[in-house]
Amino acid sequence: MLQIDSAVVVCPRADSPEAGLLTIRVAGLPLLTRTLLTAQRAGIQRLAVVASGPQRAALRPVLDGEARLRGRVRWLEPAEDPRIEAAYSLVLPPSLVLDAGALRGWLGRLVDGGRVMATDGADVAPLVVPAALLPSCIQAALQGQPELRKFLEKLDEERRLIRLPWEGGARQPVRSAGVVPAVERAMLAALRSPDDGPIVDRYVNRILSAILTRGLLNSRVTPNQVTGASLLTGLLGAWLLGGEGGARSLLGLILFQLSVILDHVDGEVARLKYLYSRLGKWLDNFSDHAVGLAVIAFLTW
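One structure accompanies this document, and this report is about it. (Residues numbered from 1 in each chain as written. Predicted model: local features only at pLDDT ≥ 70, side-chain atom pairs only at ≥ 80, totals over all residues. Heavy atoms only, no water.)

### Details of the pattern of salt bridges
Inspection of every chain in the model, using the stated rule, returns 11 salt bridges. Between D120 and R171 there is a salt bridge, with its nearest N and O atoms 3.9 Å apart. Of this pair, D120 sits in the loop between β8 (116–119) and β9 (127–130) while R171 sits in the loop between β10 (161–164) and β11 (172–173), and the two are 51 residues apart along the sequence. A relative accessible area of 30% means that D120 is categorised as partly exposed. Here R171 falls in the buried class, since its relative accessible area comes to 15%. For R160, the salt bridge is made with E158, and the minimal N-O distance between the two is 2.5 Å. By relative accessible area, which is 33% here, R160 ends up partly exposed. (Salt bridge = Lys/Arg side-chain N within 4 Å of Asp/Glu carboxyl O. Helix = DSSP H or I, 4+ residues; strand = E, 2+ residues; numbered from the N terminus. Buried < 20%, exposed > 50% of the residue type's maximum accessible area, 1.4 Å probe, protein only.)

The structure is reproduced here in structure tokens:
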């Protein structure tokens with residue numbers, strides 16, 4: 001099994017239609033930022049971005065504002081030798097939304113054959129490229145997806161291309177700003193758990209949580225803050241359920257259900273914006289148990 005620890009994100013030339021997509025926000029993150037964080041979450045340690053001078057001037061402030069990437073990205077000019085010592089490098093376009101877990105799984109199935117490795121299907125990325133072919137691959141990617149596809153077709157004819165099946169989360173190409181809502185809906189749908197209930201969770205909680213999540217993705221609200229709101233809402237609902245009167249009990253039930261919905265929202269925001277943390281996981285578990293115990297305690301009382 002190959003160990004891939006370097007990734008190169010190639011920004012298409014400024015005159016390419018794809019170049020205008022680099023700063024489009026998808027699920028709360030600019031596309032370039034999302035691509036780099038996805039590679040990082042998939043286990044890639046060394047990150048490089050190929051971009052021209054004007055592109056770099058526009059994109060660098062975006063990445064510098066992301067603490068998780070600050071000081072971890074090396075910038076390369078389009079004509080510059082990448083000087084990557086690794087035997088193989090992951091090559092990604094910034095206009096393809098990938099699931100980090102699926103990318104990690106795909107990388108874990110690579111074989112050492114001295115050839116370019118690509119996924120199955122019509123999409124041309126991600127790619128894993130040997131050092132000898134990396135400069136020519138970068139030059140093809142700079143011209144955009146059509147040229148990169150021609151590059152792969154030529155390699156296929158020369159039997160220097162291996163296709164490996166992609167499993168897990170779907171790849172979502174972003175070809176224009178107009179497809180972003182559909183891509184976000186697909187990303188949210190992929191977060192649904194097999195443990196979700198067949199009726200209330202599927203047709204109420206997940207639908208409402210998706211609406212709230214999409215409203216919060218471009219805000220500064222953190223998953224931990226949502227967890228705190230879920231905890232307080234659940235505790236208040238439990239207290240109301242323990243009282244007398246139909247109106248009070250109904251309000252308590254509504255607040256308890258809202259707490260359950262917010263419990264979905266914190267996880268969705270965390271996964272879509274890569275805001276996982278040990279504290280967040282602990283808070284989420286604590287909130288779930290605290291609200292459940294409070295409901296039992298107040299109803300018993």
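Now that the structure is up, let's keep going.
### Here's the deal with the sheet that holds strand β1 (residues 6–10)
With mixed pairing, seven strands are arranged side by side in an open sheet as β5-β4-β1-β6-β9-β8-β10. Since the sheet does not close on itself, it has two edges, and those belong to β5 (73–76) and β10, each with one partner. Strand-to-strand, the axes of this sheet are offset by a mean angle of 25°, without reference to chain direction. The pairing of strand β6 (residues 88–92) with β9 spans four bridges and is antiparallel. Across the sheet, S89 pairs through a bridge with V129, a residue of β9. Sheet strands in contact with helix α5 (residues 145–157) are β8, β9 and β10, and its direction is about 110° off that of β10. (Pairing = 2+ DSSP bridges. Axes fitted to C-alpha atoms, helices over the stretch in contact; angles between N-to-C directions. Contact = heavy atoms within 4.5 Å.)

### Considering the pairing of strand β4 (residues 46–50)
Among the five residues that make up β4, four are buried, leaving the element largely enclosed by the rest of the structure. Taken together, the five bridges between β1 and β4 define a ladder with parallel strand orientation. Residue pairing in the sheet places S6 in a bridge with R46 of β4. Sheet topology places β4 next to β5; four bridges connect them, and they run parallel. Looking across to β5, one finds that L47 is bridged to V73.

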